[in-house]
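Examining the three-dimensional arrangement
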Amino acid sequence: MAIPFEVPAKYAVDVVSGALVRSGALLKDSSSGQIVAHLQETGLGQRLISSAVNSPFSPTYALAAPSSLAANAQLVQLKGMMESLQMFQFANLAATVAGIGVSAIGFVMMNKKINGLQSQMTEFENRVEAWFRELQERDLRAHYSRLHGLYHEADQSHSMSNPVTEFLRIAHELAKESAFFRGEVAFLIHNDIFDIELFKVLIRSYTLCDAGRIECLLFAGELLAAHKVSKDVASQYNTLFDSLSPIKLAHKSPSLLENKEIPLDHLLRQELVGIHELVDYVRDIQDAAISKPYLIKTLIDREIDGYEYIQAITSEKERPLLLVEAG
Amino acid sequence: MFWKKKIKDKLVSTERAELPTIDTGIFRLSCAGIDLRRAVLDWRDKHTENVELHLTREFKTLCSTLDEVIEKMTYRELFFQNSFGKERLEPILKEWVEREATSIMDSARKDLSAVLVHNLEYCEHGAALKHKEDNEHYADAAFAAAATGAGLAAIPAATVFSVASAGGIAGIFGITVISWPVVAIGTAVAGVLLMLGVHKATNVKPRALSRYRKAVHKTIEVQVLGSDGDNESLRQRLQSYISNTANMLVTEIDNGHTF
């Protein structure tokens, strides 16, 4: 059946006028609060942002930069869509694997991102030597290798005669990896020293596992399970990240703990700049995670095939962002 | 793909299955609570940060004010530091704590009211339009939050009072900031020096004052900004109050609490 995708332009005027508001990855009627549509990134949107952005945590900067980027008509189109839907800052999510709507990143791209994350981890080795000792470096490498393997297998599953069982198995394995990274994120949050760069890598690894789990379940046609998992993921994110407080994190930053010569309040203010950006990003992840079950519920209500849906968004060539009308 | 038929079959079974009601945890509230939830967390973050930055900034002013008073201490007052602290410094400290805590909590209260009023207006519109699914829970959350928030009206007075009466501020000068022997020795030396010459003796008092000043700063810093586990500082107390309020609101939002 045809998937009821809509183009952002349909809603842009109402968003600008305030008749519609964005809440997480949902567009809602501002007077009634009723969900009108679900935002959904596409494979094209993912590729555009990934190619434009050096730092995965500052895509909005990259999108805002005029220069050579303006030459890319599709990127300009994406920027226009983001602006018209007042989701410029929210676009940060598209650059990572948290995803706007269901992740349209694809298993091959997920594997590339794992490579990047793993190499970043190695760079931290010297800076957080003590932390790495506790974590047991070898164990961490094993987890990244396992993720590599799982995403390879997921990609290869498409060519199987009956990939459903395989997708379910991979979703199950990704759940275990997600639990591992959740534990590491929790450890870092409660540790006496908070390394912001390390946290970014861990949180992206963690959300990568969850995005993959949900994608596998959708591919397998297990929409009810995908719905349940997305709800649980949202709850876990809230439990873990609600306690993140910029001022507490700033107090635990290594530069603050090491530097005793510069006045504390000066250092605090310096640290808070980067930490605000991080906490905003984490809150966006939480909002996106809370929005996701509503999108999947819409897919179920509208009897949309999970496989077809993922195929449609990943193979989209013209529009970086789509919307799914609420049922 | 040729295996898609099987997936279709699975979807057929999905259609027959009853979709579980979204009724636990964060989903009891419906999607409408997303904004309110984030607004409350943002409010908490902004104001716990403000507590720290505000107190740290104003602490310098407090120290300057106390220094001016300490600077005018007489020899007699140096001997009777305890009563000097209670009579001269403690009123300044109390007044400062009351003023700054009130200012901080007033700002937090106003901001929280704005968040809640905004959401209440939102759900009133919604109620008028009878969009049941999204707005009843939303209204519950906002009213729940507002009802909890009503207690915030009493924050400044209650907080200040509890800080002042917790033994923290009032008790600061109950201890001898500079121990007697040290002062006694210093004074004995001063007496000798007086015999030797007034010029040298005058250096003793500044040193004693300096020691006293440092001790006062250190003691007050612990009481105002400290993070010692044993005694909660003013900063920790105000931050806890804000965090606890936010946690309570978020819990109510997540549970779709109704009154």
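Residues numbered from 1 in each chain as written. Chains lettered and ligands numbered in written order. Predicted model: local features only at pLDDT ≥ 70, side-chain atom pairs only at ≥ 80, totals over all residues.

Moving on, we get to the overall build of chain A. Check the secondary structure of chain A and you find 15 helices and 5 strands. Counting all 327 residues of chain A, 48% fall into the buried class. Sequence-distant contacts in chain A: of pairs separated by 6 or more residues, those separated by 24 or more amount to 76%. (Helix = DSSP H or I, 4+ residues; strand = E, 2+ residues; numbered from the N terminus. Buried ≥ 20, exposed ≤ 12 C-beta atoms within 10 Å, placed from the backbone. Contact = placed C-beta atoms within 7 Å.)

Our focus in this paragraph is the pairing of strand β4 (residues 35-41) of chain A. In summary, the side chains of a regular strand alternate between the two faces of the sheet. Residue and element names in this part refer to chain A. A large share of β4 lies buried, amounting to 6 of its 7 residues. Relative to β4, strand β3 (residues 26-29) runs antiparallel, the two sharing 3 bridges. By the bridge assignment for β4, Lys28 is matched with Ile35. The turn joining β3 and β4, which pair antiparallel and follow one another in sequence, is formed by 5 residues; a positive phi near 80° is taken by Gly33. In this sheet, strand β5 (residues 321-325) lies alongside β4 in antiparallel orientation, the contact comprising 5 bridges. By the bridge assignment for β5, His38 is matched with Val324. (Pairing = 2+ DSSP bridges.)

Turning our attention to the sheet that holds β4 of chain A. In spatial order, the strands read β1-β5-β4-β3-β2 (chain A); together these 5 strands make up an open sheet with antiparallel pairing. One side of each edge strand has no neighbouring strand; the edge strands of this open sheet are β1 (5-6) and β2 (20-23) of chain A.

We now examine the confidence of the model for chain B. All names here are of chain B. On average, residues of chain B carry a pLDDT of 66, and 52% of them reach 70 or more. Mean pLDDT in chain B bottoms out at helix α6 (residues 155-165), which sits at 37, and peaks at helix α2 (residues 33-71), which reaches 92. Throughout residues 1-29 the model reports pLDDT below 50, and contacts reaching past four residues in sequence, or to other chains, amount to 42 contacts. The model gives residues 122-201 a pLDDT under 50, and that stretch makes 141 contacts with residues more than four places away or in other chains. The ipTM assigned to the predicted complex is 0.71, against a pTM of 0.69. (pLDDT = per-residue confidence, 0-100.)

The next thing to look at is the nonpolar core. Judged by nonpolar contacts, the single largest core of 81 residues is most densely connected at Phe167, Leu202, Cys216, Leu217 and Leu218 of chain A. A domain-level breakdown of this core finds at least three residues from each of domain 1 (5-98 + 309-325) and domain 2 (110-296) of chain A. Apart from the residues lying within four places of it in its own chain, the contact partners of Cys216 of chain A are Ala154, Phe167, Ile170, Ala171 and Leu174 of chain A. Residues Leu36, Ala108, Leu238 and Ile242 of chain B belong to the second largest nonpolar core, which totals 36 residues. (Core = buried A, V, L, I, M, F, W, Y, C linked by C-beta atoms within 7 Å. Domains from an automatic or database assignment.)

Okay, the packing of helix α14 (residues 264-301) of chain A against α2 of chain B next. Where α14 of chain A contacts α2 of chain B, the axes come no closer than 11 Å and their chain directions differ by 170°. Classified by the angle their axes make, α14 of chain A and α2 of chain B are roughly antiparallel. Residue-level contacts link Asp265, Leu272, Val279, Arg283, Asp287 and Ile290 of chain A of α14 of chain A to Ile34, Arg38, Leu41, Asp45, Glu49, Leu53, Thr56 and Arg57 of chain B of α2 of chain B. Looking at the contact of α14 of chain A with α2 of chain B, its residues break down into 6 nonpolar, 1 polar and 7 charged. (Axes fitted to C-alpha atoms, helices over the stretch in contact; angles between N-to-C directions. Parallel < 35°, antiparallel > 145°, perpendicular 65-115°, else oblique. Nonpolar A, V, L, I, M, F, W, Y, C, P; charged D, E, K, R; others polar.)

Another point: α14 of chain A. Residues and elements named next belong to chain A. Compared with an ideal rise of 1.5 Å per residue, which puts 38 residues at 56 Å, α14 spans 55 Å between its outermost C-alpha atoms and is within 8% of the ideal. Largest kink in α14: about 35°, centred on Val273. Glu303, located one to two residues past α14, shows a positive phi value of around 55°. (Expected span 1.5 Å × (residues − 1). Bend = angle between axes of the 7 residues up to and from the residue.)

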